[in-house]
Amino acid sequence: MTRTIDADYLVVGAGAMGMAFTDALIDHADVRVALIDRRHGVSGHWLEAYPFVRLHQASAFYGVASTLLGGGQLQQRGPEQGLQERASQAEICVYYARMLERFEESGKVEFFPNTEHLGDRTFTSRISGEHFEVPETCRVVDARYLAPSIPAEKPPPFGVAADARVLPVNGLARLDDAPSQYVVVGSGKTATDACIWLLAHGVDPDAICWVRSREPWMMNRAVVQPDPAIFTAMAADTMQAATEAASLEDLFLRLEELGIMLRIDRTVLPTMAKAPTLATWELDQLRTIENVVRHGHLDAVERGKLTFADTSVGVAHDALVVHCAADGLKYPPLVPVWRPQGITLQAIRAGFPCFGAALIGYVEATRHDDDEKNRLCPPTGYGNSMADWARMNLRGTQAVMSFSSEPDIKAWADRVPLNPARTPPDHPGSPALDDARARLTAHVRPALARLAELSA
């Protein structure tokens, strides 16, 4: 037997993007939504994330448009005093559980946990086996197109001998005995989190071997803040640097000198530009780890040995290899958000996927022509290489100019904390903001032309 669900939208995936889309859609349209997820609840990958993870950016930039994540407060103590708070894994999961309650209380959303999308308009319970379908008029929303892979759910991308000690990063918080050496495998935010956590728990920097297949560029968290003057100044500096850059490498070095980009080792030019945010105190800690292995991707792990394509490296016989090498960001082909077969959620400005998904939800609720919707919300993708990062900022800035030209969208976006570039209607203004806006206006168009050249 198949049960038919009365729904106008089938949202496949109850992670960050699915929740942000649903929230904006039901707030601006009288519709019914069937929200499904293969996991046991909402929150997406956060349900399985390592317990010591925090958002790499301010909490205000994450979540849904209707409800601020956290209190929007500045940190009052610690090494990030004065910066916006960043939610923990537990806080994020509680937040999304409250958002689900809000959805269900609206009478517009029905949630189906532990379900598998079978394609088209059908899904099935992974618990009972019951089958469900939605009407032909129901629009399918793919909220999993950019869903991240995490070490807890993805095997290591390298061979593991039977006697080797390898565990995903989640396992660090549950160790029974300490090895003489930790081998952290990964170049991104998960690996930096693992290193910082080990150092904070008293592990000697010399007891950490860090396998980095690529050197990463990261953004200074202090300049990616929900303060209009700070964020606009960062954008203005970025556009000016792009205008004046002689090459991609020169662009990133200029951004480093401006305090926007960071790199762990200033003797090595990074090639990876996924660019999560990093605090300068974290940078100082990471630089204490001197045993860094740079031989490309790890091929195999045996007890006492790491094997790469062209060499092998010895490690302690009891070394614990920490798998941090899952694909946190995805790079599928950019496709139109609105197509006849459904809606594919993607980032619409440079980064900030929650804002992009919420924007798509608002536009879906307030517009009727798919061609017009696609004109307003062209997808941007994520950064990976330096050229990708430049291309992402080119497309993202063009998208902002597109959707901001619509008065109602601009008014909505200026009220939504998820929007990093917003200036709230009640903002008092300041000379610093005026100066940043003037510089951004002066440099944005020549910068876009130069970014197009640099990313070609």
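Below you will find a few notes about this structure. Predicted model, so just to flag it, every value in this text is computed and none were measured.

Helix length check: helix α11 (residues 431-454), at 24 residues, gives a terminal C-alpha distance of 32 Å against a target of 34 Å (1.5 Å per residue), a fit within 8%. Buried positions along α11 lie against α4 (228-244), α5 (248-257) and α9 (386-403).

Let's shift gears to the side chain of R349. Within the fold, R349 resides in the loop between β22 (342-344) and α7 (353-366). Despite its burial, R349 pairs with no opposite charge, the nearest such side chain being D414 at 9.3 Å. Residues contacting R349, with those up to four places away along its chain left out, are F231, F355, T380, G396, V400, N419, P420 and A421.

Before going further, it helps to spend a moment on helix α10 (residues 407-415). All buried positions along α10 are accounted for by I409, W412, A413 and D414. Buried-residue contacts for α10 involve α1 (16-28), α7, α8 (370-376) and α9.

Next up on the list: the nonpolar core. Of all hydrophobic cores here, the largest spans 123 residues; its most connected members are Y96, L172 and L251. Tallying contributions element by element places α7 first for this core, with 9 residues. Residues contacting L172, with those up to four places away along its chain left out, are F52, L167, Y182, A194, W197, L198, L320 and V322. Counting residues in each nonpolar core, the second largest holds 16 residues, with A164, V183, C209 and L298 among its members.

Strands pair in a sheet through their backbones, by hydrogen bonds, and they do so in one of two ways: parallel or antiparallel. Pairing in this open sheet of 4 strands is mixed, and the strands run β1-β7-β6-β5 from one edge to the other. Two strands lie at the open edges of the sheet, namely β1 (2-4) and β5 (115-119), each paired on one side alone. Across the sheet, the axes of successive neighbouring strands diverge by a mean angle of 30 degrees, strand direction being ignored. Relative to strand β7 (residues 131-133), β1 runs parallel, the two being bridged by 3 bridges. When the sheet's bridge partners are listed, T2 is paired in β7 with H131.

Attention shifts here to the environment of D369. By the secondary structure assignment, D369 is in the loop between α7 and α8. Residue classification places D369 among the partly exposed positions, given a relative accessible area of 43%. A sequence separation of 87 residues divides D369 from E282, and the C-alpha atoms of the two residues are 47 Å apart. Polar side-chain contacts of D369 include one of 3.2 Å to the backbone nitrogen of D371.

Overall, mixed pairing links the 6 strands, which are arranged β4-β3-β2-β8-β22-β21 in an open sheet. Every other strand in the sheet has two partners, leaving β4 (109-112) and β21 (338-339) as the edge strands with one partner each. Where β21 lies against β22, 2 bridges are found, and the strand directions are antiparallel. Looking at β22, one finds that W338 is bridged to I343. The sheet strands contacting α1 are β2 (9-12), β3 (33-36), β4, β8 (139-142) and β22, and the helix crosses β3 at an angle near 170 degrees.

Rules used throughout
Residues numbered from 1 in each chain as written. Predicted model: local features only at pLDDT ≥ 70, side-chain atom pairs only at ≥ 80, totals over all residues. Heavy atoms only, no water. Helix = DSSP H or I, 4+ residues; strand = E, 2+ residues; numbered from the N terminus. Expected span 1.5 Å × (residues − 1). Contact = heavy atoms within 4.5 Å. Buried < 20%, exposed > 50% of the residue type's maximum accessible area, 1.4 Å probe, protein only. Lys, Arg positive; Asp, Glu negative; His and termini not counted. Salt bridge = Lys/Arg side-chain N within 4 Å of Asp/Glu carboxyl O. Core = buried A, V, L, I, M, F, W, Y, C linked by side-chain atoms within 4.5 Å. Pairing = 2+ DSSP bridges. Axes fitted to C-alpha atoms, helices over the stretch in contact; angles between N-to-C directions. Polar contact = N/O pair within 3.5 Å; in protein donor to acceptor, adjacent residues only side chain to side chain.

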